[in-house]
Amino acid sequence: MSNQEEVMEGSHAVAHAIKGADPEVIAAYPITPQTHIVEKLSQFVADGELDSEYVKVESEFSAMSSCVGSSATGARTYTATSSQGLLLMNEVLYNASGLRLPIVMGVANRALGAPINIWNDHSDSIGVRDAGWIQLYAETNQEALDMSIQAYEIAENQDVMLPTMVCMDGYILTHTYEPVSIPEREEIQDFLSPYEPEHKLDPENPETFGTVGFPRDYTEFRYQQFDAMDNATDVIKQVFDEYSDKFGREQRGLIEEYRTEDADIVLISLGSIMGVVKETVDSLREEGKKIGAIKVRAFRPSPAQELIEAIKGSDVIAVLDKNVSIGKKGALFTELKDELYSSDVNPLAKNFIVGLGGRDVPEDSVKKIAKKAEKAKEHGRVKKEIEFIDLKEVYDND
Amino acid sequence: MSNQEEVMEGSHAVAHAIKGADPEVIAAYPITPQTHIVEKLSQFVADGELDSEYVKVESEFSAMSSCVGSSATGARTYTATSSQGLLLMNEVLYNASGLRLPIVMGVANRALGAPINIWNDHSDSIGVRDAGWIQLYAETNQEALDMSIQAYEIAENQDVMLPTMVCMDGYILTHTYEPVSIPEREEIQDFLSPYEPEHKLDPENPETFGTVGFPRDYTEFRYQQFDAMDNATDVIKQVFDEYSDKFGREQRGLIEEYRTEDADIVLISLGSIMGVVKETVDSLREEGKKIGAIKVRAFRPSPAQELIEAIKGSDVIAVLDKNVSIGKKGALFTELKDELYSSDVNPLAKNFIVGLGGRDVPEDSVKKIAKKAEKAKEHGRVKKEIEFIDLKEVYDND
Amino acid sequence: MTRLEKKERFTSGHRACGGCGLALGARLAMKAVDDNSIATCATGCLEVTSSPYPQSSWKIPWLHSLFENSAAVAGGVEAALRAKGKQDINVVAQGGDGGTVDIGMRSLSGMLERGHDVAYICYDNEAYMNTGIQRSGSTPMNASTTTSPAGEESFGNENRKKNALKIAAAHNIPYVASASVAYPDDLIEKVKKANEINGPTYVQIHTPCPTGWGHEGDITVKLARLAVETGLWVLYEREEGEIKDVKKIKDRKPVEEYLKPQKRFKHLFKKEGGEERIQEIQEIADSNAEKFHLDEE
Amino acid sequence: MTRLEKKERFTSGHRACGGCGLALGARLAMKAVDDNSIATCATGCLEVTSSPYPQSSWKIPWLHSLFENSAAVAGGVEAALRAKGKQDINVVAQGGDGGTVDIGMRSLSGMLERGHDVAYICYDNEAYMNTGIQRSGSTPMNASTTTSPAGEESFGNENRKKNALKIAAAHNIPYVASASVAYPDDLIEKVKKANEINGPTYVQIHTPCPTGWGHEGDITVKLARLAVETGLWVLYEREEGEIKDVKKIKDRKPVEEYLKPQKRFKHLFKKEGGEERIQEIQEIADSNAEKFHLDEE
Amino acid sequence: MREIRIHGRGGQGSVTAAELLAESAFEDGLQAQAFPAFGVERRGAPVKAFARLSEEKIRRRSQIYTPNYVIIQDPTLLGTVDVTEGIQDDGLMIVNTSEDKESVDIETQADLITIDATEIALDILGKPIMNTALLGAFSGATGEVSLEAMQRRVQKRFPGKIGEKNAEVMKKAKKVVEE
Amino acid sequence: MREIRIHGRGGQGSVTAAELLAESAFEDGLQAQAFPAFGVERRGAPVKAFARLSEEKIRRRSQIYTPNYVIIQDPTLLGTVDVTEGIQDDGLMIVNTSEDKESVDIETQADLITIDATEIALDILGKPIMNTALLGAFSGATGEVSLEAMQRRVQKRFPGKIGEKNAEVMKKAKKVVEE
Amino acid sequence: MPNFASIAKPGTTENYKTGSWRVYVPVLDKDKCIGCERCWEFCPDSSKIEEEYEGDTIFRTDLDYCKGCGICAEECPVDALEMELEEK
Amino acid sequence: MPNFASIAKPGTTENYKTGSWRVYVPVLDKDKCIGCERCWEFCPDSSKIEEEYEGDTIFRTDLDYCKGCGICAEECPVDALEMELEEK
Ligand SMILES: Cc1ncc(C[n+]2csc(CCOP(=O)(O)OP(=O)(O)O)c2C)c(N)n1
Ligand SMILES: Cc1ncc(C[n+]2csc(CCOP(=O)(O)OP(=O)(O)O)c2C)c(N)n1
Ligand code: SF4
Ligand code: SF4
Ligand code: SF4
Ligand code: SF4
Ligand code: SF4
Ligand code: SF4
Ligand SMILES: [Mg+2]
Ligand SMILES: [Mg+2]
């Protein structure tokens, strides 16, 4: 199929990518909107197209637990989940990263209950941002499938050895058909280094994993993880570059800039919303506005340096968060402002909470946001720092 | 016992406070270092001193789930946990807050595995800061027990109706004996408003709880939660004031300032570490240094305004985080800098990761931190923004 | 002549598929509880189709929390009622087969073990239907689902249906029963009994799912009946550990009659080797017949 | 004359209390697995005392992940071995009673149901010992623990010991067995068999805990023996569902002999009403005797 | 960019229709996108599916509010669902009905054509699965997508007899519309 | 502020001793704190417990590194544990041993006293539980805490015979030390 | 927003008429019907209404909710119900 | 830091001598010992060492690890072991 594009559902595109990465073990549990990924993988296995052990666990907790067992045994491992499933795995997520197991997980982003809601936002993966996982966010199905391959090369790098999440918007990507180009299995295998971990469960060399870490050593283990995440920054760039070169993509860097060169106003977000953001930028550019956008492709490690660099020169940044920490703000916004504070780049900053629980974010809403940013620029100050966009009735906080 | 001090373990002090608050249902699962709290409560029940239904669940997931059931039935409810137990509850935490159930939970803060570690840090409760719970942090056993009472008055307030965590450092508080004053049961009952929720599971008025929230409504529900957390800011202050007045405490406000009046350098943290921080401030003050400290008592809602106000005039702030988001920084630091960015208070800011997994933080370490802050002041800039303190050997990043 | 209670505590307007056995099961079960009851419900078809905010199909107080905790939530409700001295109120926990025998197993096991006065009802449609027909522990052997699809190298689900009734009974609870939407009186009687008995009780109701099983909605009840008549789903009670009141079968039908109308078993009739698989299923029915002395002489 | 394998795969220097039945159990179980094995272990006394970084008491590859997932982790190990064509390596999952019958029940149930080739060993010391002797589902009735303390209004634990052997067996797995540290040969034979049999197997070992039960360390083995001799802990195997090889008792001892040396039952001998409680326990032993035909004529 | 909305009922293949549309357009050299109305609908309930066609890469992933084309699979929907919502004034609505367009109960500025897709489907497939007939009609009425591409895609998706018959249905429907 | 470290073995009541110390000092009007060395130690393993006494409110909650007083419950610890670690030069070490202080294998600048607490305990309690004897000795040797307060606290904690006997043990030990 | 915790009032899905989902409709031959109630018992949508017809009890379909699944027709012991494609 | 994932080498707790925990010590009457191995079998700390004594097999205690629990003495069928307060 190489470089031959095909119209395909996002979930299936990812499943094809994973088939090419050839994990030895898949352990997964169904949850909307991740289901089509694992169903497709099941079908590959049933049809003999993929030679993985597929463990049909009884819960997400066991999905990630079986991944831990499998990865510690030296097997390349895959799982995927969403929302409630990711929350249920929470304890195991920390465990996987603390054990330094390069598991790759697809996250079909979905909102959290209560109230139960099966539609897209980012509260799920953002909510586990402390768990020590690398987090990549895809804008398109192409990116989702490419990242699913890249993830193995990043995670399994000896200087990294951290589990990696590939986040894609539930429904908006997973259930949407669009053209993608899927590398051949051989090409993928050729791109990926074989997984040969230094330590694994092996009767030939019987090591003990998951010991008690006393106060004497614990800080150092955490620091090593911290350090590895630091290393990941370069490794990610390198892998993105190599991949782009090999497969003719232009997906480089932890962030992507869009018409930011001379932009006074910069819209910043992550995931599939970037499409409509770019469209909005284009149409506002046509109106003569100096506006640009930044897409965050890696949220962990935090792309601090890249962001500051890209924002330089702008007057106002508007951060669109598809999550909100109740009692605080959107996570991307908070984390970005942290970086801005200690830089000499100091635009006005506004946070917009958008798209919670599948609330659609059409161009009009993004234009509204751009207008608010413009107003801030005019006034030279931010009146209301955080706003929920398209809030109904009494709750409209305009 | 009123205002009659007694030397008591922190866990037992909290258990006494809870006994006074008289929850109808307790559902808890043992985990170090929370155990003494629930063991004491068990003993109270076994001895007929406390008339609660004590549900000895088979996991923390069920602990919080039973709390959800109980609280939704209109019963005042208590639980306590730590670390892995809190992580395991994660999914239910979001559920409890989304259902707006004013459950009170004690968290005996402990580090997270892997590697498994039973000692104190704040990664557990900080790790669930997005879950929609109010989070209070105690410095002393007195504060822990007072907060355990105050929590009900805050959580059950009709303008709040949010679950509340009372965080206390594992071992350092839970297992330490020190003098505390425990109000009489009658005084506590007198202080607390009766719990009479507007909505509950009741055959007389059979409502449906936990419905599906479609994209049409979901944002609004989240916004209501956001709003309620906003209300909590004032409610907390009010409850703290009333309590202080009634019981002769001086625990007011979402933060506590310590000798900050003319301080050039301000150390900021939360929890039991504040004791040694204050000691350090005193001894550096004696050396003539203009140094002060701020204790964060409420982390959710974020005490943004109060913090900015208190920091005003300082040259350097040093934030001591007993947690670290791998790939980012300490949460208190990141969140504080977010607030600073949009204020006109602009000290230099440094982040120190301390006390992970029970690593002791003696006065010497705090002095080291203060010295680093001083150096930053001298140089007029921050060289290294985040530092792990007391890192061993090769890992020392000085 | 009218035998069943007319009052509907699970009302019309729910969004279940036409011919949904689960909806029928819930409707019948709700005839067995009186108004003085509180229900919990796990995530799944039943929950999603019955509680689209701001609407609800439930006439008794009802709480959905999560997928895996219906039993634990019910335990909390029951504890609260005990604390309030309102033991007269019945507590019913509900879940699908996935929410019960798989992801809900720990919370169910804990609730049973602790002896809560809760009647647990499992609506068994033999797969995760709400998410699109994935295999659950309760999926019968050789059924094709979206995660155990029949394919070149697969005959569908490889494991035998998990025996949740036996697992529940192993908790030494006073009452366990199987029921079927094809036998409404029996179903209602069993749920009633489960409610009346003090302590934890467990009832598993077989509820065919036209969408998931791939049959026309009109034969939902017929299929439920065939499951019983072939010996694949045995109706019985277990009181204080003793098996009781097994529904005997007059002329046990061959399993093909049950399998044939269902798309999930289609491959057994098409693929080479399918016959042996059908035989395997027949053996399950035969062994049930033997174990439970099903055949009426 | 030397009968047990001399090789220790669970070595000295572990931090278990003196006289720990659990450590003895693990040591014996590790004699039943050969070097070509991989073990997982749930959080608990065994894990904490045997793996203080940078040291380990384990001679076979060993992995501790969390408290509640030993079975699921082992399932993942086994799947990886299958993928690598290394089915010759044995996989052993270990957990305490709490990690098995309570918090680990879902993951255990799932592993058993899916048919992984894993031998699960539950070390049953009848409470959460690692965290300071809290009640578990496996705590016997009337035992005082820190969360089910005897007190003015309490005789300790209110529920009967959960029958995890029966629950495991209800999963239709090929082999289930109970063992005791007082019978090392029997124990080793059973763990060996569990390992050899293809598919999921479950062995529960009774392991007295001086600290938690409140007895002197020297009588750990004696107490384990008394549990068997009184009929409170029955040694048996269940192969393909059939109970086999029940260890018969010559002169069944009264339960007092077992209860008396243990502080957790002290209140039964002191508090008013204790006698009836002891009688209750005797009845459990008697009913075991009846069910399993324990008494040797 | 052209935006298309398809109305149908759960089980009628509206989503498949949107997907086939996108696939075929892509074969024709257009950029294309298709997605369902992400819902919890069950068999029988009214559902929607969407597609976008464009000469340029499609980046927009928001819902479709002002479609250029609306396809209605089932005339019984007209009473229940606001099928005209947002339809562009110069847009086109294609309705499956045995009636002629004057008698159809739709008020719109947009163009409207009717086709008895059910009849065609019953005729050729023997089943009232109308989605492919409506695609054929769409091809005929709009020229946005070639019949050939559609036929190839439907046969790819349903190899063998079923695909062939559906290709026939498409052709027939296209012809009917063009007449 | 005075800082105290108690060495013992799991099961010997070192933590209880620290707690009683704090409680008694508080009764005497001092501020006090007690805490264990937070570990995973099992019965028989060497353990430590700590206490702080002060005229002012105690805010410090870090570990104790340079104790003023060290109490050693069990002479067999001397070979295994560095009991002198951090002891202040003007500090005091109290060792339970039947030997006299010259023969005890401890090198320190601090003062050192020995007491045969085991004998006293065996004598009065009939069990080798030495913690209360050592508390009595501490009271006698340092005067930091009154015997009376200690006796009240131990009787409060262990009502009845056991408390009484332990009070007696304390008194006896204090006297022995003072002699 | 009527409340803050997504709470719904009992039985309110009755405001949603699932009758619109129907493609086929059960048509009753009132004369055949013996009022045995089986159709009502087995209807997943509680869509049968008891009624008098010429002095006898019969069960007619509640077209507001009937989804046309056909169970009633299938289960009617006297074949009093026939499923027909509905003209709306 | 020897590795990054808290991995330990097999059997290394043997570097930690739990013998120091001991208060009582089992003292063997070598002449009584019949070398039956029961003490070794039942020792939770693998602290018995097989040895020759006057041509016979006996089991002596490994004082490096023996915690002095007393199981061996309790289980010895010929009472060859006695627990004594250890003088260190
Ligand atoms: C933790 C978690 N994992 C997965 C899901 C997704 N999910 C919701 S319902 C469901 C399947 C329900 O199956 P079952 O319990 O059998 O009920 P049914 O829908 O078949 O009636 C799944 C997998 C979830 N909501 N939460
Ligand atoms: C999710 C979670 N909850 C609680 C704990 C605390 N915890 C660790 S071990 C343990 C008890 C272990 O009991 P059991 O499984 O019976 O093993 P034992 O220590 O008795 O041998 C508990 C409660 C934990 N580690 N993780
Ligand atoms: S999918 Fe099956 S169980 Fe779910 S609503 Fe439809 S018919 Fe009922
Ligand atoms: S507490 Fe019990 S089980 Fe744990 S190490 Fe000590 S004796 Fe063994
Ligand atoms: S089942 Fe048939 S006969 Fe019976 S009431 Fe219904 S329509 Fe009438
Ligand atoms: S067709 Fe189905 S929904 Fe309609 S009345 Fe008959 S059984 Fe009920
Ligand atoms: S048990 Fe006794 S007789 Fe047997 S080997 Fe040991 S010491 Fe010797
Ligand atoms: S006393 Fe205990 S530890 Fe020592 S050798 Fe005997 S059995 Fe082993
Ligand atoms: Mg199901
Ligand atoms: Mg245990």
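Keep in mind that what you see is a predicted model, and the values were worked out from it rather than measured.

About the thresholds
Residue positions are given per chain, counted from 1 along the sequence in the order it is written. Chains and ligands are labelled sequentially in the order written, the chains with letters from A and the ligands with numbers from 1. For this predicted model, a pLDDT threshold of at least 70 governs which residues receive local features, and a threshold of 80 or more governs which side-chain atom pairs are given and counted, while totals over whole chains, interfaces and linings are taken from all residues. Hydrogen atoms and water are omitted, and side-chain values are computed over all heavy atoms in the structure. Only DSSP runs of H or I with at least four residues qualify as helices, and only runs of E with at least two residues qualify as strands; both kinds are numbered from the N terminus onward. All radius of gyration figures rest on C-alpha atoms, and the globule criterion is 2.2 Å times the number of residues raised to 0.38. Summary of the burial criterion: residues with accessible area below 20% of their type's maximum are buried, those above 50% are exposed, and those between are partly exposed, where the area comes from a 1.4 Å probe applied to protein chains only. Ligating atoms shown are N, O and S within 2.8 Å of the metal, or 3.2 Å for Na, K and Ca, and water is not included, meaning a site may look less than complete. We place the copies in one frame by least squares, fitting the C-alpha atoms of every residue whose pLDDT is at least 70 in both. Note on contacts: a residue pair qualifies if any of its non-hydrogen atoms lie within 4.5 Å across the two residues. Here the term patch refers to residues with relative accessible area over 30% and no salt bridge, with like charges joined within 9 Å and nonpolar side chains (Val, Leu, Ile, Met, Phe, Trp, Tyr) within 5 Å. Here the Shrake-Rupley method, with its probe set to 1.4 Å, supplies the accessible areas, and only the displayed protein chains count as covering residues. When a carboxyl oxygen of Asp or Glu is within 4 Å of a side-chain nitrogen of Lys or Arg, the pair counts as a salt bridge. Under the pairing criterion, centres of Phe, Tyr and Trp rings, with the six-membered ring standing for Trp, must be within 6.5 Å; the plane angle then separates stacked pairs below 30 degrees from edge-to-face pairs above 60, leaving the rest tilted. Either the NZ atom of lysine or the CZ atom of arginine qualifies as a charge over a ring when it sits within 6 Å of the ring centre and within 35 degrees of the ring normal. pLDDT: the predictor's confidence for each residue, scored from 0 to 100. Helix span is expected to be 1.5 Å times the residue number reduced by one. As used here, the arc belongs to the directions running from the helix axis to the C-beta atoms. Only when DSSP finds a minimum of two bridges between them are two strands counted as paired. All axes here are fitted lines through C-alpha atoms, helices being fitted over the stretch that makes contact, and every angle between N-to-C directions spans 0 to 180 degrees. Throughout, buried area stands for the accessible area (probe radius 1.4 Å) lost by two parts on being put together, summed over both. Under the rule applied, a polar contact is a pair of N or O atoms within 3.5 Å (in protein, one hydrogen donor and one hydrogen acceptor; residues adjacent in sequence only if both atoms are side-chain atoms). Under this grouping Gly is polar, as are all residues other than the nonpolar Ala, Val, Leu, Ile, Met, Phe, Trp, Tyr, Cys and Pro and the charged Asp, Glu, Lys and Arg. A cutoff of 4 Å decides nearness: a residue is near a molecule or strand if any of its heavy atoms lies inside that distance of it. Counted charges follow a simple rule, with Lys and Arg positive, Asp and Glu negative, and His plus the chain ends left uncounted. By convention, the point assigned to a charge is CZ for Arg, NZ for Lys, CD for Glu and CG for Asp. We define the nonpolar core as a collection of buried residues of types Ala, Val, Leu, Ile, Met, Phe, Trp, Tyr and Cys that are connected through side-chain atoms lying within 4.5 Å of one another.

A.B. asks: What exactly am I supposed to notice about the overall build of chain G here?
C.D. replies: Counting secondary structure elements, chain G contains two helices and four strands. Mapped in sequence order, the helices and strands of chain G form the string β-α-β-β-α-β. Relative to the 2.2 N^0.38 estimate, which gives 12 Å for 88 residues, the radius of gyration of chain G is 15 Å and therefore markedly larger than a compact globule would have. Across the 88 residues that make up chain G, the buried fraction comes to 52%.

A.B. asks: Any chance you could explain the coordination of the magnesium ion (ligand 9) here in plain terms?
C.D. replies: Each donor-metal-donor angle would ideally measure 109.5 degrees in four-coordinate tetrahedral geometry, or 90 or 180 degrees in six-coordinate octahedral geometry. All names here are of chain C. Taken together, the protein ligands of the magnesium ion (ligand 9) are Asp97 (OD), Asn125 (OD1) and Ala127 (O), with distances of 2.0 Å. Within one chain, the residues serving as donors to the magnesium ion (ligand 9) are arranged as D-x27-N-x1-A. One end of the pair, Asp97, is in helix 4 (residues 97-102); the other, Ala127, is in the loop between strand 4 (119-124) and strand 5 (150-151), and 30 residues separate them in sequence. Like Asp97, the residue Ala127 is buried in the burial classification.

A.B. asks: Would you explain the coordination of the magnesium ion (ligand 10) in this entry?
C.D. replies: Around the magnesium ion (ligand 10), the protein contributes the donor atoms D:Asp97 (OD), D:Asn125 (OD1) and D:Ala127 (O), at 1.9 to 2.1 Å from the metal centre. Motif for the magnesium ion (ligand 10), donor spacing along one chain: D-x27-N-x1-A.

A.B. asks: What is the right way to read the relation of the copies chain B and chain A from this model?
C.D. replies: Of the two same-sequence chains, chain B is brought onto chain A (RMSD 0.0 Å, axial shift 0.0 Å) by a rotation of 180 degrees. Classification of the inter-copy transformation places it as that of a two-fold axis. A shared binding surface is used by both copies, with 100% of the interface residues of chain B retained as interface residues in chain A.

A.B. asks: Explain a nonpolar patch on the surface here, please?
C.D. replies: All names here are of chain G. A contiguous nonpolar patch, built from Val23, Tyr24 and Leu85 and spanning about 270 Å² of accessible area, is present on the exposed surface. Mapped onto the elements of the fold, Val23 is located in the segment before strand 1 (24-28). Residue Val23 is classed as partly exposed on the basis of its relative accessible area, which comes to 35%.

A.B. asks: What am I meant to see in the packing of aromatic side chains here?
C.D. replies: By convention here, two paired aromatic rings are described through the distance between centres and the angle between planes. Within the structure shown, the criterion is met by 40 aromatic pairs over all chains. An angle of 65 degrees between the planes, with centres 6.1 Å apart, marks the rings of A:Phe191 and A:Phe247 as edge-to-face. Placement of the pair is A:Phe191 in helix 8 (residues 185-191) and A:Phe247 in helix 9 (residues 215-247), with a sequence separation of 56 residues. Side by side, A:Phe191 and A:Phe247 carry an identical accessibility label, which is buried. Centroid distance B:Phe191 to B:Tyr243: 5.2 Å. Interplanar angle 85 degrees. Geometry classified as edge-to-face. Taken together, the residues span a long stretch of sequence, with B:Phe191 in helix 8 (residues 185-191) and B:Tyr243 in helix 9 (residues 215-247) at a distance of 52 residues. In this structure B:Phe191 comes out as buried when scored by relative accessible area, which is 8%. Taken together, the ring pairs in this structure connect A:Tyr29, C:Phe67 and C:Tyr128 into an aromatic cluster. Over the ring of D:Phe155 we find D:Lys271, and its NZ or CZ is 4.3 Å from the ring centre.

A.B. asks: Just to check I follow, could you spell out the confidence of the model for chain G for this structure?
C.D. replies: For residues with low pLDDT, the predicted coordinates do not support detailed interpretation. For chain G, the average pLDDT comes to 93, and 95% of its residues sit at 70 or higher. Reported confidence for the predicted complex is 0.98 by ipTM and 0.98 by pTM.

A.B. asks: Can you help me understand helix 7 (residues 184-196) of chain C in this one?
C.D. replies: It helps to recall that an α-helix has 3.6 residues per turn; residues three or four apart then point in one direction. Residue and element names in this part refer to chain C. For helix 7, built from 13 residues, the straight-helix expectation of 18 Å at 1.5 Å per residue is met to within 8% by its first-to-last C-alpha distance of 18 Å. Every buried residue of helix 7 is listed here: Pro184, Leu187, Ile188, Lys190, Val191, Ala194 and Asn195. Seen end-on, helix 7 carries its buried residues on one side only, within an arc spanning 165 degrees. Every exposed residue of helix 7 that faces more than 90 degrees away from the buried side is listed here: Glu189 and Glu196.

A.B. asks: Please clarify how the sheet that holds strand 10 (residues 255-258) of chain A should be interpreted in this entry.
C.D. replies: Across a sheet, paired strands are connected by hydrogen bonds in the backbone, their directions being either parallel or antiparallel. All names here are of chain A. Spatial strand order, 10-12-11-14-15-16: six strands in an open sheet with mixed pairing. The open sheet has two edge strands, strand 10 and strand 16 (386-388), and neither has a second partner. Here the average twist between neighbouring strands, direction ignored, is 20 degrees. Across three bridges, strand 15 (residues 348-353) lies against strand 16 in parallel orientation. The residue bridging Phe352 from the neighbouring strand is Glu387, located in strand 16. Strand contacts of helix 10 (residues 273-286): strand 10, strand 11 (265-269), strand 12 (291-296) and strand 14 (316-321), with the helix running at about 165 degrees to strand 12, the strand carrying the most contacts.

A.B. asks: What should I look at first to understand the interface of chain B and chain A in this one?
C.D. replies: Accessible area lost upon the coming together of the parts serves often as the stated size of an interface. Each partner contributes residues to the interface: chain B has 75 residues there, and chain A has 75 residues. Between chain B and chain A, roughly 6,900 Å² of surface is buried when both sides are summed, and carbon and sulfur atoms account for 58% of that area. When the buried area of chain B at its contact with chain A is split by residue, B:Phe226, B:Ile326 and B:Tyr341 rank highest and sum to 12% of it. The residue B:Glu339 makes a salt bridge to A:Lys329 at a minimum N-O spacing of 3.1 Å. For the interface between chain B and chain A, the tally reads 56 residue pairs in polar contact (both at pLDDT 80 or more). Put simply, the parts of the chain that give the side of chain B that touches chain A at least two residues each are helix 4 (83-88), helix 5 (90-98), helix 6 (123-127), helix 9, helix 12 (331-341) and strand 16 (386-388) of chain B. No other element matches the 13 residues that helix 9 of chain B contributes to the side of chain B that touches chain A. Classifying every residue of the side of chain B that touches chain A gives 34 nonpolar, 22 polar and 19 charged.

A.B. asks: Help me understand the environment of E:Lys156 in this model?
C.D. replies: Tracing the sequence through the fold places E:Lys156 in helix 4 (residues 147-157). Taking the C-alpha atoms as reference, E:Lys156 lies 28 Å from E:Gln63; in sequence the two are 93 residues apart.

A.B. asks: Can you walk me through the sheet that holds strand 2 (residues 25-27) of chain A in this structure?
C.D. replies: Residues and elements named next belong to chain A. Taken together, the seven strands give an open sheet; going across it, the order is 3-2-4-5-7-6-13, and neighbouring strands pair in mixed fashion. Two strands lie at the open edges of the sheet, namely strand 3 (53-55) and strand 13 (298-300), each paired on one side alone. Between one strand axis and the next, the sheet turns by 20 degrees as a mean value, whatever way the strands run. Sheet topology note: the strand 2/strand 3 ladder contains three bridges and is parallel. Among the inter-strand pairings, Ala27 is bridged to a residue of strand 3, identified as Val55. Against the sheet, helix 7 (residues 141-155) makes contact with strand 4 (77-81), strand 5 (104-109), strand 6 (134-137) and strand 7 (164-169), and its axis sits at roughly 175 degrees relative to strand 7, the strand it touches most.

A.B. asks: Can you walk me through the site of ligand 7 in this structure?
C.D. replies: The local shell around ligand 7 holds 13 residues, among which H:Cys33, H:Cys36, H:Glu37, H:Cys39 and H:Cys76 are the closest. The residue inventory of the shell around ligand 7, partitioned by class, reads 10 nonpolar, one polar and two charged.

A.B. asks: How should the pattern of salt bridges be read in this particular structure?
C.D. replies: Should their charged atoms come close, side chains of opposite charge can pair. For the coordinates displayed, the defined rule picks out 173 salt bridges over all chains. Ionic pairing is found between B:Glu156 and B:Arg76, a salt bridge with its closest N-O pair at 2.9 Å. Of this pair, B:Glu156 sits in the loop between helix 7 (141-155) and strand 7 (164-169) while B:Arg76 sits in the loop between helix 3 (60-72) and strand 4 (77-81), and the two are 80 residues apart along the sequence. Under the relative-accessibility criterion, B:Glu156 is labelled buried at 10%. B:Arg76 gets classed as buried once you look at its relative accessible area, which sits at 7%. With a closest N to O distance of 2.3 Å, G:Arg60 and G:Glu51 form a salt bridge. Residue class for G:Arg60 comes out partly exposed when judged on its relative accessible area of 32%. One salt-bridge network, in which partners are shared between bridges, spans A:Arg259, A:Glu279, A:Asp282, A:Glu363, A:Lys367, E:Glu3, E:Arg52, E:Arg59 and E:Arg60.

A.B. asks: Is there a simple way to explain the environment of B:Lys295 in this structure?
C.D. replies: All names here are of chain B. On the secondary structure map, Lys295 appears in strand 12 (residues 291-296). Put simply, Lys295 and Thr32 are 263 residues apart on the chain and 26 Å apart in space, counted from C-alpha to C-alpha. One polar contact links Lys295 to Glu143, side chain to side chain, over a distance of 2.9 Å.

A.B. asks: I'm lost on a positive patch on the surface in this one. Help?
C.D. replies: The grouping of C:Lys263, C:Lys266, C:Lys270, E:Arg43 and E:Lys127 at the surface amounts to a positive patch. Among the residues examined, C:Lys270 registers a relative accessible area of 65% and is labelled exposed.

A.B. asks: Whenever I open this one, the interface of chain G and chain B confuses me. Can you help?
C.D. replies: Counting from both sides, the interface comprises nine residues of chain G and, opposite them, 17 residues of chain B. For the pairing of chain G and chain B, the buried interface totals around 1,300 Å² over both sides, and the portion due to carbon and sulfur atoms is 63%. A salt bridge links B:Glu207 to G:Lys9; the shortest N-O distance between them is 2.8 Å. There are three residue pairs in polar contact (both at pLDDT 80 or more) connecting chain G and chain B.

A.B. asks: In this structure, what is going on with helix 9 of chain A? I would like to understand it.
C.D. replies: For helix 9 of chain A, which comprises 33 residues, the first-to-last C-alpha distance of 47 Å matches the rise-based estimate of 48 Å (1.5 Å per residue) to within 8%. Of the residues flanking the end of helix 9 of chain A, it is A:Gly248, one or two places downstream, whose phi is positive at about 70 degrees.

A.B. asks: Help me out: how do you make sense of the nonpolar core in this one?
C.D. replies: The nonpolar side chains of a soluble globular protein tend to be buried with one another. A:Ile268, B:Ile268, C:Tyr202 and D:Tyr202 are the most contacted members of the largest nonpolar core, which has 342 residues in total. When near neighbours in sequence (up to four residues on either side) are disregarded, C:Tyr202 contacts C:Thr100, C:Val101, C:Leu108, C:Tyr120, C:Cys122, C:Ala164, C:Leu165, C:Ala168, C:Ile173, C:Tyr175, C:Val176 and C:Ala177.

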